[in-house]
Amino acid sequence: MNKWIKIALRNILKNKRRSFVTLIAIAMGFAAVSIFQGYIHNTYKGLRNSAVRGEGLGHLTIYKQGWLEKGKIDPDKYMFSQEELKRISDLVEEDDDVILATPQINISGLVSNGRTSTIFLANGVIPRDDKTIKGTWTAFRPVKGEGLSEKKSYGVEMGEDLASHLDLKPGGYGVIMATTLDGQMNALDIEVAGTYDTGSSATNDKYIRVPFTFAQSLYDTEKADRVVVLLNDWKKTDVTRERLEDTLSGAGIACEIKTWNELSLFYLKVRGMFDMIFMFIFSIVFIIVIMSVVNTMGMAVLERTREIGTLRALGLKRRGVNLLFAVEGAMLGFLGTIFGVILNVVVWAVIRAVEPSYIPPGSSSPVPLIVNLVPQSMLVLMLFLILLSLMAAILPARRAAKQNVVDALGHV
Amino acid sequence: MKLIEMEEIKKDYFLGETVVHALRGVDLTFDRGEFVAIWGPSGSGKTTLLNLVGTIDEASSGQLFIEGQEIKKLSDDRRTELRNRAIGFIFQGFNLIPVLSALENVMLPLEIMGTSFSDAREAALRRLDEMELSDFVRHQPDKLSGGQRQRVAIARALVTNPSLVIADEPTANLDSDTSRKIIGLMRDLNEKEGTTFIFSTHDQRLLDKVNRLVRLEDGMILNGGNEK
């Protein structure tokens, strides 16, 4: 094998200019795919954190059976009672991978500053549990003001655009109104305990976070419409869901469990779009690499037809000729991807140093452009491009190996 | 057993719609240890005959036996193995692999055979030493003179200790002095090691050294078994 590697390497070095152009094409292709992969890797991570911690979806959400289908029509019937909530929390928190199981309730209605009113959507959360779910997210999107607290049952956190619209600042007062589960009109005073950026311009002028007990009072109920579960590792989401489904159905609790990515439509849409762009870029690179290697190896085969005839006369079998050029193709792929890795690291370092930012569509504020280095993905891409180069080299080599030896020897 | 037996060998080429009869029913045998020249005017079929004996081309009809094996019945792989083991080639244009050194070129047939690197190197160095090329083992072909290249090619042809060496116009690209040396070298190897040499040539100096001359004209043998 060594002799074929030696011959391949020397032939690559012999045709410096042609090899250089091919290596650059492979390196650029590798870097383009790898950098984009690093970018979407970071974006997916950010979107996941945004859904799980920012939106407060947790990793799993448990609904009473039928809530998602008919909950809007008859909420009282499809909400969990106090007793059910306690049983679910006890059972779920026994799981080793569960950090927290907390009840929540969604409410909606009108919010007013006394002069103007507008609609709101609110999430009723237990402040202590909400802090656990948010985790480090609060450092990324901090709440201005003191925030939710068990001590102040009427203190709420308000989306920045909504607060601005109502001309309310932390410490300001307002009123929110909604109909109870029985259909009666109800209104409660609020104090803006904090304002926050939801990250999306579509929700920043509508969202409010209120204490769980406050939301129950507004709806005049002791129930909750869901239990949000936080896990110690997002990768365990699917297996834990299956396990909890078994546990809860075994305990006779009719429920359905949704994962964070099923509930976050934004995540699904963005992921779908990026996956499509990735495939598009990857297809272009795929074609460039194949064309470059086929062209280079085609030229090499043509120039070295006499050499192939000589090797065949000396006793090299047809598969030996294929191997010779396959090794050369693989070597081009290997060297090209090594240059690609170097290019990738340089671009990554420049981005880290410059720290550029941009405002994505639908976002309420700039986000930093971050590209991750993902060694596992880089390795897979490297192996794929080496294999691709190898296959592309075999195409012209097979044609050469099939030639009559005399014709090959007579080639000028 | 004869080393090579050819029975009614014909070879036709197609040039568009024209059929060229390169060999028209050749019967020929070669014994081990012969030093034979195939001689004749251009287009007489010398190279075609050598290509068939070297198993790098196939006859249109007739039978060819090498070491008792009928070549037509061998698969491409078996034929290639036979070439590697039993036949050495010396080409008019040397046909050395340009990216390999003299030593690596000579080692190549053994490495293809699967011989270990150290054994291949040892055998190649010995052959290069016989060709008085010990000082040039690391030189690449483009750094060698024509005579040196041809000696490397001879070393490569002999490194597997083949029973047959085929040389197509081995002195055609060499000056007189070098040609004389190369001819002497091949004759010595033939006498010392008993290797069969079959070559095509127009070179009178080479023709003077052979012990058998096969004269071809228009694809037919005029003087097939003439002993000198």
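To be clear, the structure that these remarks concern was listed above.
Quick look at the structure, then. (Residues numbered from 1 in each chain as written. Chains lettered and ligands numbered in written order. Predicted model: local features only at pLDDT ≥ 70, side-chain atom pairs only at ≥ 80, totals over all residues.)

### Here we look at the overall build of chain A
Looking only at helices and strands, chain A has 15 helices and twelve strands in total. Dimensions of chain A, computed from the C-alpha atoms along their principal axes, are close to 100 × 50 × 30 Å. Sequence separation of 24 or more characterises 81% of the internal contacts of chain A that already satisfy a separation of 6 or more. (Helix = DSSP H or I, 4+ residues; strand = E, 2+ residues; numbered from the N terminus. Contact = placed C-beta atoms within 7 Å.)

### Topic: the interface of chain B and chain A
Facing the 20 residues of chain B at the interface are 18 residues of chain A. Considering each element in turn, the side of chain B that touches chain A owes the most residues, six residues, to helix 2 (residues 76-86) of chain B. The class makeup of the residues in the side of chain B that touches chain A is nine nonpolar, five polar and six charged. (Nonpolar A, V, L, I, M, F, W, Y, C, P; charged D, E, K, R; others polar.)

### Focus on the nonpolar core
I38, I166 and I198 of chain B are the most contacted members of the largest nonpolar core, which totals 114 residues. It is helix 14 (residues 375-402) of chain A that provides the largest number of residues to this core, a total of eleven residues. Each residue touching I166 of chain B, except ones within four places of it in the same chain, is listed here: L50, V53, G54, I87, F89, I198 and F199 of chain B. Core analysis: the second largest hydrophobic core is formed by 53 residues, L57, L60, L166 and V210 of chain A among them. (Core = buried A, V, L, I, M, F, W, Y, C linked by C-beta atoms within 7 Å. Buried ≥ 20, exposed ≤ 12 C-beta atoms within 10 Å, placed from the backbone.)

### Regarding the environment of M185 of chain A
Residues and elements named next belong to chain A. The residue M185 is located in strand 7 (residues 185-196) in this model. Assessed through the 9 C-beta atoms surrounding it within 10 Å, M185 is described here as exposed. Taking the C-alpha atoms as reference points, M185 and I359, 174 residues apart in sequence, are found 40 Å from one another. In this view, M185 contacts M177 and T179; residues no more than four positions away in its chain are not counted.

### Overview of the environment of G315 of chain A
On the secondary structure map, G315 of chain A appears in the loop between helix 12 (305-314) and helix 13 (318-354). When residues no more than four places from it in sequence are discounted, the contact partners of G315 of chain A are T80, E81, R83, N84, P109, I112 and M113 of chain B.

### Remarks on the packing of helix 1 (residues 2-14) of chain A against helix 13 of chain A
When two helices pack together, you describe them by how their axes are tilted relative to each other and by the distance separating the axes. All names here are of chain A. It is the contact of helix 1 with helix 13, at a shortest axis distance of 9 Å, that shows an interaxial angle of 60°. Regarding the angle of helix 1 to helix 13, the classification is oblique. Crossing geometry of helix 1 relative to helix 13 is assigned as right-handed. Only L323, L324, V327, E328, M331 and L332 of helix 13 make contact with helix 1, whose side of the interface consists of W4, I5, I7, A8, L9, N11 and I12. When grouped by side-chain class, the residues that make up the contact of helix 1 with helix 13 number eleven nonpolar, one polar and one charged. (Axes fitted to C-alpha atoms, helices over the stretch in contact; angles between N-to-C directions. Parallel < 35°, antiparallel > 145°, perpendicular 65-115°, else oblique. Left-handed = near helix turned anticlockwise from the far one by under 90°.)

Any link to function would need more than the numbers given here.
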